[in-house]
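Structural characterization, general
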Amino acid sequence: MNVLIAYASKHGATQGIAERIGSTLTAEGFPVTVRPVEEVDDVTHYDAVVLGSAAYALHWMHAATAFAKRHHRDLAERPVWLFASGPLGEDTVDKEGRDVRESSEPREFDKFADELNVRGDHVFFGKWDPESEPVGLMEKIMEHLPGNPRGSLPAGDFRDWDEVEAWAHGIAEELRAG
Ligand SMILES: Cc1cc2nc3c(=O)[nH]c(=O)nc-3n(C[C@H](O)[C@H](O)[C@H](O)COP(=O)(O)O)c2cc1C
């Protein structure tokens, strides 16, 4: 059972999560391919797909959404898992008392839940380095805004590797169950 892990990442945090999901599924005995969405031309070689993206402004990156649209018909015929890397900081509950993973869900989760054969989705905490080179127009503009919003985001690596591995083990279990 061949598994594709396809991801969209601006600064590498989501790539790291995709790679850890990949190495966990490999250790579980599945043949795994981990690739940026832009490098995947065909999903029909794979029996299952895990698709993930960094979240920016409450959305998946455009490349991930474009991938899902481009391969819509083939994705709908196979089991799909979705993930996002996004929230920053140590707080797991927001000011309204909501689970931060829930309130950070990118809009695409709901959209693709209706359209694809989605077997599971998950939001992972992300990583942010305010010293990183701005990528894309939005970040370049932000650098010049008053108060430098890039610099005011919580800095650090908040990815929880145990959580990533546990989610990947869950996928392995479901794949084995068929
Ligand atoms: C300008 C900007 C906007 C962001 N917007 C969101 C957001 O709406 N929701 C969220 O959960 N995280 C948001 N984040 C945090 C990123 O998703 C997080 O840093 C992620 O791990 C980056 O992944 P990448 O390194 O793969 O690009 C934002 C970060 C930046 C710099």
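Every value quoted in this text rests on a predicted model; they were computed, and no experiment measured them. (Residues numbered from 1 in each chain as written. Predicted model: local features only at pLDDT ≥ 70, side-chain atom pairs only at ≥ 80, totals over all residues. Heavy atoms only, no water.)

Here Glu 108 is to be found in helix α5 (residues 108–115). Of the side chains bearing the opposite charge, Arg 107 lies closest to the buried Glu 108, which forms no salt bridge; the N-O distance is 7.5 Å. Separated by 2.9 Å, the side chains of Glu 108 and His 59 make a polar contact. (Helix = DSSP H or I, 4+ residues; strand = E, 2+ residues; numbered from the N terminus. Buried < 20%, exposed > 50% of the residue type's maximum accessible area, 1.4 Å probe, protein only. Lys, Arg positive; Asp, Glu negative; His and termini not counted. Salt bridge = Lys/Arg side-chain N within 4 Å of Asp/Glu carboxyl O. Polar contact = N/O pair within 3.5 Å; in protein donor to acceptor, adjacent residues only side chain to side chain.)

We now examine the site of the ligand. As a matter of local geometry, the ligand sits amid 22 residues, with Ser 9, Thr 14, Ala 55, Tyr 56 and Leu 58 nearest to it. Ala 55 places a main-chain nitrogen or oxygen 2.5 Å from an oxygen atom of the ligand. For the ligand, an oxygen atom lies 2.6 Å from a polar atom in the side chain of Tyr 56. Look at the ligand: alone it shows 650 Å² of surface, and the protein chains cover 91% of it. In a pocket analysis with a 2 Å cut-off to the grid points, the ligand is assigned to the largest pocket. (Near = heavy atom within 4 Å. Areas by Shrake-Rupley, 256 points an atom, 1.4 Å probe, with all protein chains shown as cover. 1 Å grid on protein atoms, 1.4 Å probe; cavity = no way out; pocket = protein on both sides within 12 Å on 5 of 7 lines; lining within 4 Å. Sits in = over half its atoms within 2 Å of the grid points.)

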